[in-house]
Amino acid sequence: MSNEVSPEFDVIITALKEEKVIAYPTEAVFGLGCDPDSEKAVNELLLLKNRPKEKGLILIADDYERLCPYIDDRQLGNEQKKTIFSFWPGPVTWVIPAKSITPKWLTGKFSTLAVRVTDHPLVRELCTLYGKPLVSTSANLSGLEPCRSSEEVRRQFGNDFPVLEGEVGGRKNPSEIRDALTGKLYRQG
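All of the points below concern the structure found in this document.

Cut-offs used in this document
Residues numbered from 1 in each chain as written. Predicted model: local features only at pLDDT ≥ 70, side-chain atom pairs only at ≥ 80, totals over all residues. Heavy atoms only, no water. Buried < 20%, exposed > 50% of the residue type's maximum accessible area, 1.4 Å probe, protein only. Helix = DSSP H or I, 4+ residues; strand = E, 2+ residues; numbered from the N terminus. Pairing = 2+ DSSP bridges. 1 Å grid on protein atoms, 1.4 Å probe; cavity = no way out; pocket = protein on both sides within 12 Å on 5 of 7 lines; lining within 4 Å. Points joined across faces, edges and corners; volume = space filled by probe spheres on them. Nonpolar A, V, L, I, M, F, W, Y, C, P; charged D, E, K, R; others polar.

Let's talk about the pairing of strand E1 (residues 22–25)
Side-chain alternation along E1 places Ile-22 and Tyr-24 on one buried face and Ala-23 and Pro-25 on a second face that is also buried. With four bridges joining them, E1 and strand E2 (residues 30–33) adopt antiparallel strand pairing. Residue pairing across strands places Ala-23 opposite Leu-32, the latter belonging to E2. Linking two consecutive strands that pair antiparallel, namely E1 and E2, is a turn of four residues.

Structural data, given as C-alpha cells:
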C-alpha cells in the first residue's frame, strides 16, 4: 500500500499547515475548519464568520484519541463515556470539560469544549492524514445559509478558497449538541 497522499488532500493539508482556513463536507453541510492549535487560523475563521470568540468552537475528529489532548475526560464516568461512544462516530457533538491547557480561542468563555467524532469518510481521512482534529463550524458568511456544495462555498468565499471536494452526508440539520455530564440538549440535530 502506498503512503502517498492524493493531490487534493495534499493541497488541503498544506493549507492547514500554512495556518489557513479550509472548507470540507460534513454530515449535513460544508464546514469551515482550521488547525485548532493555530490562534492565527482560528482568529481568521472567527473573522470570516463574524463570530464572537466568547462562543467557543467545535472540534471534529476521526477518533476519540485525537480529542484527548483538549478534553479532560477524567471528569466523565463510565456510563457517560458509554453513552458518548454509542453515538460516535456520528452527527452528535458532546460538550466535555476542557483541559486547563486548552486554548481559550477554542473554549471561548467556557471551561468546556464541544467535540465530535465524525462518520463522514472524507473528514475522517483528512483528520487521519493531518494527525489532528479540526475546528468545525458551518461554512457560511454571517446572515447567509450554510453551504451544501463546494460551488456554494466558492460563491460565498471566493474561487481561491481551499475546499476539500466531496458530497455532504444526507443529514438535513447540523449536528445535535449535548452536555456529556448531564445529557442536556443544547441544539436539536
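Thoughts on the layout of surface pockets
What the largest pocket holds in volume is close to 800 Å³. Counting only elements with at least two residues in the lining of the largest pocket, the list comes to helix H4 (104–107), strand E5 (112–117), strand E6 (134–138) and strand E8 (185–187). Considering every element that reaches the lining of the largest pocket, the biggest residue donor is E5, with four residues. Taken together, the residues that form the lining of the largest pocket break down as 16 nonpolar, 13 polar and seven charged.

Treat this as a map of the structure, not an account of what it does.
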